[in-house]
Each structure stands twice: as C-alpha cells, then as structure tokens.
Amino acid sequence: MRTVRSLLIVSLWGPLLSASCGASIFGKEKLPVPQWGLDAYKTHTPYYAKDSPAVILYDEYVETVDTQGRAVEREREAIRILKPQGRHHECGVSYDVDEKINYFRVWTIGADEKQYQAQEADFTDEGDTGIPVMLSTYKYRVAHPPAVDVGAVVVCESEELLKPYMQEKVWHIQSEIPMVFEALEVDLPAGRSHAEAWHQYAGVKPVEVSPNHWRWEIRDMPDLTLRDIPSHPEWGALAARMSVQWGDAAVEGRDNQWRAIGEWVTKLEADRPQPSPEITARVQELIAGAPDFYTRLSRITESIQREIRYFVVSRGIGGLQANHAADIFRNRYGDCKDKTTLLVSMLQVAGIRADYMPVDDHRGIVDPAEPSLLGNHMIAAIELPADVHDSRLKAVVTGKGGKRYLIFDPTNEHTPVGNLPSYEQGSFGILAAGAESQIIALPVLAPETNGTKRKGAFTLSADGTLSGSVDTSHSGPEGGELRMLLKYTDEKERHEYWEKRVAGDVPGAVLDSFRFVQPVALDQPLEFHYKLTASQYAHAAGPLLLVRPRVVGSDVLPNDDKPRTVPIDLQATGHWHDSYDIALPDGWVVDEMPDPVNVDMNFASYHSSVSVPASGKGRLLHYERDFKVVEVQLPADKASEFRHLEGAILSDEKSTVVLKRQ
C-alpha cells in the first residue's frame, strides 16, 4: 500500500510489483483506530513541512517471507492534511489476479479529534490508466475516508499476499510530501540471505530485531518537488529509494546481482521466441536477395514496426512474461515484450542472435548501483558479428565480454534500426543473456543522428507583413516523432497543431498551406513544407523598421537563475540548422545588424550570423545559425554554463535588424 500520489510504477513491460482482491475486508468490520495510529497522530508537525499540503507522520512496511520466497506485506501509514490541496493524498492498494489482499482498513482522526472509519462504500476500484491501449487486470483499491479536512490525520493499514514470483521489495523512501518516520522490515526464513541497494540516498544500516529479521529506519525525509525547477530529469530518477532482494539476486557483488536478475528474465522468456513455420516462411520471404547484414536486419525490424500493432494485454505474470512468438505473429499485435519476442524469433530464423533487454523509457530510473527489476519497458540487444561494421548501425555498445550489441526498440514504430529514441539514450538496460547477463549503459548518439534542417525564403512588405515558405527536413528521433503525429492525426488536426506552433514563434501568423513528404524508408528524413503570412511582423520605430531575422524555430530550453541542485536534462543530442532569406521592401536598406553569436561548450555549440549578401544587391537579409548538442544531461554544477548558452540563444532569437529608408 502507498498513498495514491506515489503508487508503484506501472510498465509497458508489466506491473513489476502489485496486488489481487480475494476475500478482502474493506471497512466491513467496525474497529477502533489502532494504537500505532493514535501514537502517530500525536506526532508534532515538523517545521520543514509547514509549506507542504500534507505530511506523512508514519509509514512502516513489514515483509514476511516464507520458505518458498513468497511474501506477505503489511503496511501502516498515517498522513496529516495541512492544506486543502493535501486531501488527495489518500491511501490505495494495487492488486492483480495472483495476489490477495487480506485486509485494508482506513480511519480518520479529525481536526476535532473525532474518529471515523472508512466503510465499504468509501472504497473504489480504479483501472490502470497509464497506457491508453491496453486490457489489464491491474487495478487500485482506493480509500476515500470521511472527514478528511485540514488538520485531520488519515490512518491506513493493509496486509497483502504478494506475487509468488517476485522476490524483491522496492521501498520508495521519498515522496512529493515530507516523511517524518518510515521503516521497512524483512523477516526471512532461516538460511535465506538478502541483498540491499540504495538509489539517491546514502543508506542506513539495518538492525536484526530477531534471527534473520531485519529492520531499516529513516527519519525526516524531505519531499522532492520539481514543479518550479526547469529542465529537470524524471522525478523517479531523482527520488530516493531502496531495493531488497531475497531470491536468486540476493548474492554478493553488484555484477553478480545484475547477472542473477538477467538470468531470471532469460528463464522467464526462454520458450517464448520459438519460431513457427509461418514465422520462418515470412522471414525467408523478407531476407530473400538481401545483399548484406544491414538489409536483412532492417527488413525484419521494419516488418515488425509496420505490421505488429502495439496493444497491451496484461494479466498477472503476463505483465512480465511475453506471449509466444507464434501467437504474436498470428494476432498481429502485442506490447513491448511481445514485439521484442517476435523480433528475437525472426532474427533467429535469419541467423542473427538477439537478447531481451529490460529498461525504463525514462532516463535515470534504472540505476547501475541498484540491482532491481524496476523498469517499465522491454527492448532488444542484437549481437553484431565481428565482421559487421556498418556506419548506419550507430546505437552500438560493447559488453563486458567484448561482444558488440546493437540496441533497438521495436515498440517505437518510427525510429529505424541503427538509431535509438532520444528518451532511451544515456539510460541503462539489463542484458538478459543467461550467464552473460549484465547491466549495460545505453549509448548517447552523435548529433548527426538526430535533428532538423530549415530553409526559408520570405518577403517583407513596407507595412511590416511577412510572407514566405519554409522547407524542413527532420531526421532520427525528431523525424520519428513527426511520423507519429501523422499516424494519429487528420488533416484538420495537423493544420491546427502546426499553425499553433508557428504562431508561437511568429505571433499572428497564418498557415497558408502545408505538405508532408514521408519516405517509405524509416532511415530517410521526413520533409515538411509550409507557407505562412504574418502581419505586423516588422515594427516601426519612428522612421526605422525593426525586423527579427530568426523567423521560426526556437532552441531555448526552460531555464531560470535560481541555485541548481538537480541535473539539467537537455532532452536529446542533435544538430539543428536554419538558413533564412528575407527580401526587403522597396526603398529600405539595412542600417544596423546584430553581432555574430559564437558559443562553444563541451556539451553544446551555437553559432549564428546575419549578413547582407552581395548577390542580393543590398535587398536581401540572410540569417544562418547552427546548433549542436552532444550530451543529454548535465550535472548541476554546469548550471552557469547552461545559463550562458541559453542566454546567448535567447538573445539571438530576439535580436533585430534595423532598416532605414534608402
């Protein structure tokens, strides 16, 4: 159980930890507030919580593990409501088909000290809404207790029989609200060991309260609020947590723990990729006449991207274990682990080895220092033969044994094999390759693998109206995002979307026409051509006319001048280039131009210039800029350099050219 604001991460791969309603008790028995709840109620609200909407006074988990490794989990939690907006910090228990909630009870101690117990009608079930295209048995049982007003304390207690195949507890020790006291106990059978690992926290030593019964305690955990911090990493990448293993991964050494987790995934999926006769025939048809490794590979990957629809059916262990390749191929749909399974199967027919790779599609969630199954996605690691060195295969990493792997996400329908979605670059994944399993850093690709080229030709009228055309070319993940837009929108929606985007750069702009050119091959850039008109683009300043040479396109990330304590998320590496020509109105010439901008950092570079080409006979204004980003994340101590770069970009984007009458 956890208050709803931080329920466990639910995945495309499957819910990693959840719970199932059996013969449960939800307010059917009238019971007084337990003593531990009364004691928690007496806890003074600490000074550091004065600006928070709520505060967790007490939160305790007890995991009681049997000889088979299955756990019963009891949680006790008390939350004080400090502001009206804190009322949504309710209690909830997740459940699925292979778990049983023994009981779930909730009380409120009102600000007037009256006690209330949540009745059966105060509990509701909520389905998993994290993924819009899915059928899932994973749900939340949520309590809406009475009298939850400012000053009240909500007291929650639950007990669940957890999944038999999950032998790990991920303890989320930090929340969006502060926590006064929290504890975790793991009660293990004699002879069973455990292993612990911490993320974004130094950790504490456990106390052995009885033989092989361990308890960790933490006091005064601050909240983690990122609402007012621009360009921050994912919340889950920064929030403190701890994982405890008591299964096969409860061994000495991080490498050994990761290997054990990878071996578990390997065994779980072992029989799933078995090729059927239909799969074999399809692969042979696809690779017939293929001249090289890349052609064989790309034909197979593109067939899965185009022909297998993304759809999630999750029931119990089906949230972790894929369907059989034959069923996926026949039904023509599947989730990320299903698409990976079919890829592994088809590549096997083609004589290419591929392994499963559990990851998270949010950078920073998977931590190499914290061996855990925590994650929400499945992709593939394709083993490259020693003699294959193709420049089109860029997302390549080398494992500890010297083998090279091409990292590929078959769920992303529009990023070609050889490239990698920007949100996965710089992350970590578990290579599930049996005894060779290991944690692997996903690559950060060069700027040339992603980006946009814009070329514009405009005419400025004496009344300040600007009209013209823009031709753009989008490659890599940026091109993939546009392909997704085309797939899920109609002509009217696209027009509204792009007109709004253009108006963000050019206020009052009207999109006169637009056209997409989408090549069949995913590794070819997508083109977008459009025409616009913007009245009052140039502004009069007495006898002068001010015009901004940078017409469309903005490269500024959100930023502020506050002290920085968290890393800076640059989102993606890439190369963006703009070239614009503006034909000046009759009788006007350039009087003043902004200076060139040249900023070179070790993580990015930005160069821009404004000129009046001789070939234009003084009637043409030319703007050129080039922006490259080579890293996806910066440490907090780079904040001043980041601000310098963003300040230079913003100044350049707002700079103006002064025109005067000839």
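Residues numbered from 1 in each chain as written. Predicted model: local features only at pLDDT ≥ 70, side-chain atom pairs only at ≥ 80, totals over all residues. Heavy atoms only, no water.

1. Things to note about the overall build of the chain
So, step 1. Scanning the chain for helices and strands turns up ten helices and 39 strands.
So, step 2. For 662 residues, the compact-globule estimate of 2.2 N^0.38 gives 26 Å, and the chain sits close to it at 29 Å.
So, step 3. Over its C-alpha atoms, taken along the principal directions, the chain stretches across nearly 90 × 70 × 45 Å.
So, step 4. Out of the 662 residues belonging to the chain, those deemed buried represent 56%.
So, step 5. Restricting to contacts in the chain with at least 6 residues of sequence separation, those with at least 24 account for 75%.
So, step 6. Split by element, the accessible area of the chain, about 27600 Å² in all, is 52% carbon and sulfur. (Helix = DSSP H or I, 4+ residues; strand = E, 2+ residues; numbered from the N terminus. Rg over C-alpha atoms; globule rule 2.2 N^0.38 Å. Buried < 20%, exposed > 50% of the residue type's maximum accessible area, 1.4 Å probe, protein only. Contact = heavy atoms within 4.5 Å. Areas by Shrake-Rupley, 256 points an atom, 1.4 Å probe, with all protein chains shown as cover.)

2. Looking at the sheet that holds strand S21 (residues 377–383)
So, step 1. Taken together, four strands build an open sheet; the order of strands is S20-S21-S23-S22 and the sheet is antiparallel. Edge positions in the sheet fall to strand S20 (354–359) and strand S22 (396–398), since each has one partner strand and no second. Ignoring which end each strand starts from, the neighbouring axes of this sheet average 35° apart.
So, step 2. Here three bridges tie S22 to strand S23 (residues 404–408), and the two strands are oriented antiparallel to one another. Note on S23: the bridge partner recorded for Val397 is Tyr405.
So, step 3. Its contacts with the sheet place helix H7 (residues 336–349) against S20, S21 and S23, and it is angled at close to 15° to S21. (Pairing = 2+ DSSP bridges. Axes fitted to C-alpha atoms, helices over the stretch in contact; angles between N-to-C directions.)

3. Some details on the pairing of strand S3 (residues 71–81)
So, step 1. The buried fraction of S3 amounts to nine of the eleven residues, a majority that puts the element mostly inside the structure.
So, step 2. Taken together, the eleven bridges between strand S2 (residues 54–65) and S3 define a ladder with antiparallel strand orientation. Residue pairing for S3: Val65 is matched across the bridge by Ala71.
So, step 3. Counted along the chain from S2 to the antiparallel partner S3, the turn is five residues long, and its residue Gly69 has a positive phi close to 90°.
So, step 4. As paired elements, S3 and strand S10 (residues 153–161) share nine bridges and run antiparallel to each other. When the sheet's bridge partners are listed, Glu75 is paired in S10 with Ser158.

4. Describing the state of the cysteines
In protein chemistry, a disulfide is the covalent bond that joins the sulfur atoms of two cysteines.
So, step 1. If you walk through the whole model with that rule in mind, you get one disulfide.
So, step 2. A sulfur-sulfur separation of 1.6 Å characterises the disulfide bridge that pairs Cys91 with Cys156. On the sign convention where negative is left-handed, the bridge of Cys91 and Cys156, at about 45° about the S-S bond, is right-handed. Taken together, the positions of Cys91 in strand S4 (residues 91–95) and Cys156 in strand S10 put the pair 65 residues apart, joining distant regions of the chain. With respect to class, Cys91 is no different from Cys156; both count as buried. (Disulfide = S-S within 2.5 Å.)

5. Concerning the packing of aromatic side chains
So, step 1. What the rule picks out here adds up to 19 aromatic pairs.
So, step 2. Measuring from ring centre to ring centre gives 5.7 Å for Tyr606 and Phe627, while their planes differ by 65°; the resulting arrangement is edge-to-face. Note that Tyr606 is positioned in strand S36 (residues 604–611) and Phe627 in strand S37 (residues 620–629), a separation of 21 residues in sequence. In this pair, the class of Tyr606 matches that of Phe627, namely buried.
So, step 3. Above the face of the Tyr103 ring, Arg105 is positioned so that its terminal group lies 4.1 Å from the ring centre.
So, step 4. We note Lys169 situated over the ring of Tyr61; from NZ or CZ to the ring centre the distance is 3.7 Å. (Phe/Tyr/Trp six-rings, centres within 6.5 Å; stacked < 30°, edge-to-face > 60°. Lys NZ or Arg CZ within 6 Å of the ring centre and 35° of its normal.)

6. Examining the environment of Ala143
So, step 1. Within the secondary structure, Ala143 sits in strand S9 (residues 139–143).
So, step 2. Considered as a pair, Ala143 and Cys156 are 13 residues apart in the sequence and their alpha carbons are 9.0 Å apart.
So, step 3. Sequence-distant contacts of Ala143, defined by excluding residues within four places in its chain, comprise Glu90, Cys91, Phe104, Val106, Asp122 and Phe123.

7. Let's talk about unusual backbone geometry
So, step 1. Its identity as a non-glycine residue notwithstanding, Ala147 has a phi of 60°, on the positive side.
So, step 2. Structurally, the position occupied by Ala147 is in the loop between S9 and S10.
So, step 3. Of note, the phi angle at Arg332 is positive, near 65°, even though the residue is not glycine.
So, step 4. Looking at the element boundaries, Arg332 is found in the loop between helix H6 (325–331) and strand S19 (333–334).
So, step 5. A relative accessible area of 32% places Arg332 in the partly exposed class.

8. Observations concerning the sheet that holds strand S5 (residues 100–109)
So, step 1. The strand order across the open sheet formed by eight strands is S6-S5-S10-S3-S2-S12-S15-S14, and the pairing between neighbours is mixed. At either margin of the open sheet sits one strand with a lone partner, and together these are strand S6 (115–117) and strand S14 (207–210). When strand polarity is set aside, the average angle formed by the axes of neighbouring strands in this sheet is 15°.

9. So, the confidence of the model for the chain
So, step 1. Here the chain averages 92 in pLDDT, while 95% of its residues score no lower than 70.
So, step 2. This model gives residues 1–24 a pLDDT under 50, and the stretch forms 128 contacts once residues within four places in sequence are excluded. (pLDDT = per-residue confidence, 0-100.)

10. Considering the packing of helix H4 (residues 277–287) against helix H5 (residues 293–307)
So, step 1. In contact at an axis separation of 9 Å, H4 and H5 are set at 125° when each is read in the N-to-C sense. The pairing of H4 with H5 is recorded here as oblique in orientation. The interaxial crossing formed by H4 with H5 has right-handed handedness. Note on element contacts: H5 touches H4 through Arg296, Arg299, Ile300, Ser303 and Glu307, opposite Arg282, Val283, Leu286 and Ile287.
So, step 2. By residue class, the composition of the contact of H4 with H5 is four nonpolar, one polar and four charged. (Parallel < 35°, antiparallel > 145°, perpendicular 65-115°, else oblique. Left-handed = near helix turned anticlockwise from the far one by under 90°. Nonpolar A, V, L, I, M, F, W, Y, C, P; charged D, E, K, R; others polar.)

11. With respect to the side chain of Arg141
So, step 1. When you line up the elements, Arg141 lands in strand S9.
So, step 2. In terms of polar contacts, Arg141 uses its side chain to reach the side chain of Asp125, at 3.2 Å. (Polar contact = N/O pair within 3.5 Å; in protein donor to acceptor, adjacent residues only side chain to side chain.)

12. Concerning a nonpolar patch on the surface
So, step 1. A contiguous nonpolar patch, built from Leu135, Val313 and Tyr333 and spanning about 250 Å² of accessible area, is present on the exposed surface.
So, step 2. Note on placement: Leu135 falls in strand S8 (residues 134–136).
So, step 3. Residue classification places Leu135 among the exposed residues on the basis of a relative accessible area of 53%. (Patch = residues over 30% accessible without salt bridge, like charges linked within 9 Å, V, L, I, M, F, W, Y side chains within 5 Å. Salt bridge = Lys/Arg side-chain N within 4 Å of Asp/Glu carboxyl O.)

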